[in-house]
Amino acid sequence: MSQRLNAAMLSYTQVAVRIATTLVFTPILVGALGQEGYGLFSIVGALAAYFYMIDFGMNDGVMRFFVRHENTPDERRRFLKQMLGFYAGLGLLVAGATYAVHGLAPALFGASLTGPQVALLQDMIIAVGAGAVVMVAFNPLGALLSAMERFVFLRLLEIFTAVTSTLLTVVLLWQGFGALMVVIVMSGALVFQVAARLIYIVLVLRIPVGWSWPGWSRLKPVALYAAPIFVSVMVEQIYWKLDNLIIGAVLGAAPVALYAIGTTFNKHLMSFGTAISRVMAPEIIRQADSGADAPALNSLLIRVSRLQALFLLLVISGLALFGARFIDLWLGPDYGLAYTILLIVLIPYTLELIGNARNILLQVKSLYWHRSLMILAIACLNIPLTIVLLNLWGVVGAAISTGIGLMVGYVAVAILLQVKLGLDMGRYFRELARGLGRVLAVCVPVGLALNHWMIGGWTGLFLCVAIYTPLYAGLMLGIGMNPYERGLVRRVLTKVAPGVAARWT
């Protein structure tokens, strides 16, 4: 439990570092590249996400089987070699996809981008594809470390890589380099992470690394477990990345920048939402595999969801209350529309993230196909709706389409959990809202008053946040949290501020 608590604390530290990096780095990047250059950067980021999809969602399946083999080290080593061999083949597929997209770029974007922009886009595609090849080929290393609960090493590595690569990028931008160099640095950071994981596994954990090709008998159960996950990953990319490509093809690079800024916080929300569930994933798998009944699984889901909600509700309520003021100060009035996009998309996405531990239950119970097919159908209907609303209302229309799809999918999965797993979703929602709803009922009106009466500028924004955050935290401790959650807070304080914890006790 101590390893998980430390990992959870590091996960939120990582999220804080990412947010701070985004706040400082994005204005520098937008200023150096311009709105159209940042739009090209966002298009490449969307394409990169599709390259990473070529692992076909098998990484979660690989982690599950590593957990199964945790008491048989020899079998785990054989499995690692076989998965590395298979993923090396997937790396070659990524290389082929990179070459294909590079060649198709003029046809896909030639109507909305200039000739030099298309040429730059092609060079960026090669750079991002190279990093994706290495990352995908060595994905089983990360799955092994997660299964062994080496979360502290993983989070520290990710924090170090994020900070150093950002600092290097800023220096290079000041030296006059452009979007291509930014992508090269980011791909280099991925390669560095892979190398560090490999060294840690071989030299610290003393696990030999090799490559062999798995037979179908070995690959089949992993593939069956992973196939619905791949469908869900594909749906995620439809919601978060395809819009960028459609907007770029229809309207050009500059509107992509607006939409990308409006959705840029989704990855930070995702980090908040998955910090707990990623740490708890091995334990959720063990309990589900051990045959825990529906009430026990319901209680586990409620416990994890509430922990995630404590952080996510602070973030999304703060963005909703002070986001317009922040974006205006951060990037200027030209990006004011991004606030509307942010609200439309991130509010329903927050609901999905609060309950994302349910996906692990569905995976282990072999019901993930049901979820995947449902949300795939919703996402496919979302594509023509996006095009229609994009032509009617521009980038706001694309955001509305995504928000509708996320909300419909959330409700559909709740019904699936009730029908197929026998979970009491009425109890889930009641227990989730218990205490948290009262806190928001107090905090939101106070936040609105602060936003209305507070002075302008960064000073006013900082004062709003400085008043709102401790108000939220204090009310959560007083009337929002249950005894279990307060106990976790005490344990965290014991580690980071023992004096405060002693006085509280």
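In short, a report on the structure. (Residues numbered from 1 in each chain as written. Predicted model: local features only at pLDDT ≥ 70, side-chain atom pairs only at ≥ 80, totals over all residues. Heavy atoms only, no water.)

Some details on the overall build of the chain
Along its length, the chain carries 20 helices and 0 strands. Its C-alpha radius of gyration of 23 Å places the chain within 12% of the 23 Å reference for a compact globule of 505 residues. The principal-axis extents of the C-alpha atoms in the chain amount to approximately 65 × 60 × 45 Å. For the chain, the share of sequence-separated contacts (at least 6 apart) that also reach a separation of at least 24 residues comes to 83%. In the chain, the 34 positive side-chain charges and the 20 negative ones have mean positions that sit 8 Å from each other. (Helix = DSSP H or I, 4+ residues; strand = E, 2+ residues; numbered from the N terminus. Rg over C-alpha atoms; globule rule 2.2 N^0.38 Å. Contact = heavy atoms within 4.5 Å. Lys, Arg positive; Asp, Glu negative; His and termini not counted. Charge placed at Lys NZ, Arg CZ, Asp CG, Glu CD.)

Let's talk about helix α11 (residues 294–331)
In an α-helix, one full turn covers 3.6 residues, which means residues spaced three or four apart are oriented alike. Across its 38 residues, α11 extends only 48 Å between first and last C-alpha, which sits more than 12% below the 56 Å expected from 1.5 Å per residue. At phenylalanine 322, α11 shows its largest kink, close to 70 degrees. Where α11 begins, one side-chain oxygen reaches toward the backbone nitrogen of alanine 296, 3.0 Å away; that side chain belongs to aspartate 293. (Expected span 1.5 Å × (residues − 1). Bend = angle between axes of the 7 residues up to and from the residue. Polar contact = N/O pair within 3.5 Å; in protein donor to acceptor, adjacent residues only side chain to side chain.)

Regarding the packing of aromatic side chains
Counted by the stated rule, this structure contains 12 aromatic pairs. Ring geometry for tyrosine 38 and phenylalanine 41: centres 6.0 Å apart, planes at 35 degrees, overall tilted. Residue tyrosine 38 and its partner phenylalanine 41 are both found in helix α1 (residues 2–52); the two are separated by 3 residues, about one turn of the helix. In this structure tyrosine 38 comes out as buried when scored by relative accessible area, which is 6%. Each ring, one from phenylalanine 86 and one from tryptophan 213, has its centre 5.8 Å from the other, and the planes form 50 degrees; the classification is tilted. Taken together, the residues phenylalanine 86 in helix α3 (residues 73–109) and tryptophan 213 in the loop between α7 (179–204) and α8 (216–250) connect sequence positions 127 residues apart. Taking the relative accessible area as the measure of exposure, phenylalanine 86 reaches 12% and is therefore buried. Note on tryptophan 213: relative accessible area 58%, which makes it exposed. (Phe/Tyr/Trp six-rings, centres within 6.5 Å; stacked < 30°, edge-to-face > 60°. Buried < 20%, exposed > 50% of the residue type's maximum accessible area, 1.4 Å probe, protein only.)

A word on the pattern of salt bridges
A complete count under the given rule lists 7 salt bridges for this structure. Of the charged contacts, one joins arginine 155 and glutamate 158 as a salt bridge, the two residues approaching to 3.1 Å between their closest N and O atoms. Here glutamate 158 and arginine 155 lie together in helix α6 (residues 151–174), a separation of 3 residues that amounts to about one turn. On the accessibility criterion, glutamate 158 (13% relative accessible area) is buried. Of the charged contacts in the structure, one is a salt bridge between glutamate 352 and arginine 358, with a shortest N-O distance of 2.7 Å. (Salt bridge = Lys/Arg side-chain N within 4 Å of Asp/Glu carboxyl O.)

What to know about the layout of surface pockets
Summary: where empty space remains is shown by rolling a probe the size of a single water molecule over the atoms. Roughly 340 Å³ of volume is contained in the second largest pocket. In terms of lining residues, the second largest pocket is bounded by 17 residues, among which Leu313, Ile316, Leu351, Ile354 and Leu440 are the most central. Listed by contribution, the elements that provide at least two residues to the lining of the second largest pocket are α11, α12 (337–354), α16 (425–433) and α17 (436–453). For the lining of the second largest pocket, the class distribution of residues is 14 nonpolar, 3 polar and no charged. (1 Å grid on protein atoms, 1.4 Å probe; cavity = no way out; pocket = protein on both sides within 12 Å on 5 of 7 lines; lining within 4 Å. Points joined across faces, edges and corners; volume = space filled by probe spheres on them. Nonpolar A, V, L, I, M, F, W, Y, C, P; charged D, E, K, R; others polar.)

Focus on the side chain of arginine 371
By the element assignment, arginine 371 lies in helix α14 (residues 368–393). In this structure the side chain of arginine 371 is engaged in a polar contact, spanning 3.3 Å, whose partner is the side chain of glutamate 352. Not counting residues within four places of it along the chain, the set of residues in contact with arginine 371 comprises Ser232, Glu352, Asn359, Leu362, Val413 and Leu416.

Comments concerning the side chain of threonine 350
Within the secondary structure, threonine 350 is located in helix α12. The exposure class assigned to threonine 350 is buried, which follows from its relative accessible area of 3%. In contact with threonine 350, not counting residues within four places along its chain, are Leu269, Leu312 and Ile316.

Let's talk about α17
Its 18 residues give α17 an end-to-end C-alpha distance of 26 Å, which sits within 8% of 26 Å, the value for a rise of 1.5 Å per residue. All of the buried residues in α17 are Leu436, Val439, Cys443, Gly447 and Leu450. Where α17 is buried, its residues meet α11, α16 and α18 (457–480).

A short note on the environment of tyrosine 259
Locating tyrosine 259 in the fold gives a position in helix α9 (residues 253–263). Its relative accessible area of 1% is what places tyrosine 259 among the buried residues. For the pair tyrosine 259 and leucine 342, spaced 83 residues apart in sequence, the C-alpha separation works out to 8.7 Å.

Focus on the environment of leucine 198
If you trace the backbone, leucine 198 turns up in helix α7. Separated by 108 residues in the primary sequence, leucine 198 and leucine 90 have C-alpha atoms spaced 18 Å apart. Beyond its immediate chain neighbours, meaning those up to four positions away, leucine 198 contacts Leu141 and Val209.

Description of a nonpolar patch on the surface
A contiguous nonpolar surface patch, about 410 Å² in accessible area, is contributed by Leu351, Met407, Val411, Ile415 and Val419. In terms of residue count, helix α15 (residues 395–420) provides more of the nonpolar patch than any other element does, 4 residues in total. Take valine 419: it is sitting in helix α15. (Patch = residues over 30% accessible without salt bridge, like charges linked within 9 Å, V, L, I, M, F, W, Y side chains within 5 Å. Areas by Shrake-Rupley, 256 points an atom, 1.4 Å probe, with all protein chains shown as cover.)

Considerations on the environment of asparagine 359
With respect to the secondary-structure elements, asparagine 359 resides in helix α13 (residues 357–364). Linking asparagine 359 and tyrosine 259, residues 100 residues apart in sequence, is a C-alpha distance of 28 Å. Apart from the residues within four sequence positions on either side, asparagine 359 is in contact with Glu352, Tyr368 and Arg371. Reaching out from asparagine 359, the side chain makes a polar contact with the side chain of arginine 371 at a distance of 3.0 Å.

Just geometry here; none of it tells us what the structure is for.
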